[in-house]
Amino acid sequence: MKKILGMAAAGALLFALAGCTASGGASADGPKDTKDLVVGFAQVGAESGWRTANTKDIQSSFKEAGITLKFSDAQQKQENQIKAIRSYIQQKVDVIAFSPVVESGWDTVLKEAKNAGIPVVLTDRAVDSKDTSLYETFLGSDFVTEGKKAGEWALNEFKDASGTVPIIQLEGTTGSAPAIDRTKGFADAIAANPNLKIVASQTGDFTRSGGKQVMEALLKAHPDVKLLWAQNDDMGLGAIEAIEAAGKVPGKDIKIITADATHDGMQAAADGKINFIVECNPLMGKQLIEIVKKINKGEDVPKRIVTDETTFTSAQAKEALPSRKY
Ligand code: AHR
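Caption draft 1: Quick peek at the site of the ligand. Around the ligand, a shell composed of Glu47, Ser48, Trp50, Arg51, Asp124, Arg125, Phe143, Pro178, Arg182, Phe206, Asn232 and Asp260 is seen. Side-chain polar atom of serine 48 to an oxygen atom of the ligand: 3.0 Å apart, as the coordinates give it. Between the ligand and the protein, one listed contact pairs an oxygen atom with a side-chain N or O atom of arginine 182 at 2.9 Å. Relative to its unbound accessible area of 280 Å², the ligand is 100% covered by the protein chains.

Caption draft 2: Up close: the sheet that holds strand E2 (residues 68–73). The parallel open sheet is built from 6 strands, whose spatial order is E2-E1-E3-E4-E5-E11. Lying at the two open borders of the sheet, with one neighbouring strand each, are E2 and strand E11 (304–306). Within the sheet, the average angular offset between the axes of one strand and its neighbour, ignoring direction, is 20°. By the bridge criterion, 4 bridges tie strand E1 (residues 38–43) to strand E3 (residues 95–98) in an arrangement that is parallel. The partner of valine 39 across the bridge, within E3, is valine 95.

Caption draft 3: How the structure looks around helix H9 (residues 263–270). All of the buried residues in H9 are Gly265, Met266, Ala268, Ala269 and Ala270. In the core, the buried residues of H9 are packed alongside helix H8 (233–245), strand E10 (276–279), strand E12 (311–313) and helix H11 (314–320). Two residues or fewer after H9 comes glycine 272, characterised by a positive phi angle close to 85°.

Caption draft 4: Quick peek at the pattern of salt bridges. A complete count under the given rule lists 19 salt bridges for this structure. Between arginine 125 and glutamate 47 there is a salt bridge, with its nearest N and O atoms 3.7 Å apart. Of the two residues, arginine 125 sits in the loop between strand E4 (120–123) and strand E5 (137–140) while glutamate 47 sits in the loop between E1 and helix H2 (49–65), which places them 78 residues apart along the sequence. Residue class for glutamate 47 comes out buried when judged on its relative accessible area of 11%. As a salt-bridge pair, lysine 255 and glutamate 157 come within 3.0 Å of each other at their nearest N and O atoms. Of this pair, lysine 255 sits in strand E9 (residues 255–260) while glutamate 157 sits in helix H5 (residues 143–157), and the two are 98 residues apart along the sequence. The class of glutamate 157 is partly exposed, set by a relative accessible area of 34%.

Cut-offs applied
Residues numbered from 1 in each chain as written. Predicted model: local features only at pLDDT ≥ 70, side-chain atom pairs only at ≥ 80, totals over all residues. Heavy atoms only, no water. Near = heavy atom within 4 Å. Polar contact = N/O pair within 3.5 Å; in protein donor to acceptor, adjacent residues only side chain to side chain. Areas by Shrake-Rupley, 256 points an atom, 1.4 Å probe, with all protein chains shown as cover. Pairing = 2+ DSSP bridges. Helix = DSSP H or I, 4+ residues; strand = E, 2+ residues; numbered from the N terminus. Axes fitted to C-alpha atoms, helices over the stretch in contact; angles between N-to-C directions. Buried < 20%, exposed > 50% of the residue type's maximum accessible area, 1.4 Å probe, protein only. Contact = heavy atoms within 4.5 Å. Salt bridge = Lys/Arg side-chain N within 4 Å of Asp/Glu carboxyl O.

What follows is the structure in structure tokens.
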């Protein structure tokens, strides 16, 4: 018994020396003052209007809360995000938050953070690590549901179609959680009507230029396309340019669904060029701060926090546009 107690005491000492806590949160000296907290955030990049809104919201929320934020932009490259996370580990920040550009390949760096006793919060996008103890929580949208909402709109819109409805899908960044999950949600939903057929599905990397370029090529190969499902507003807006250049009317000759509901997307919907938008909410700053504060106090944080989201038809977009925050 004495021996067991002795081992436990030694273990506790080692644990304290490593600066760890049972929850990976508050240090052995207790919680820090909020103003002394330092958070390292590794952002994906600046590929879309959504991402710009997400960055602005995170930066302004931290400023308002008086918490130091170290911010890096990975320019859509996983190796840059890994470098940034390693640098935050070296700098011994209190919490690391990041939005993983792709789902796979994070275990090594996440283990490094865990071994250093630095809790990690995933924002916006998930990782596919089997070991979920490598991060505290994942705050973000349910992308499968977003894809499903897009597919359900398509089902209803084309419920009376007698023949094939050719669909073009513009996917987000290959290997990213939103691209994988939105593709799945959409496919699952449209499976209910075999007339709805995806004739082409290619990545536009979540960018406007990518959407335009891919749509130009796909329109030539599939001039009879009836529906475009662009997995974000920016790709949809780029595709609209390509559709107009090909002499077709977006929203009429080709129905269009996008995801995000950024200001530019909502404007295009209000103008009738986009028929339906599935919202993806980028305003996560305040929720992230609450999570950081809880971790600092050693309080429990739910493993998954899903952001609230809605959808917009053209008419709803017109009504919502004046009060849109991003
Ligand atoms: O991860 C969220 C997605 O990433 C948004 O839909 C897209 O616009 C962004 O680039």
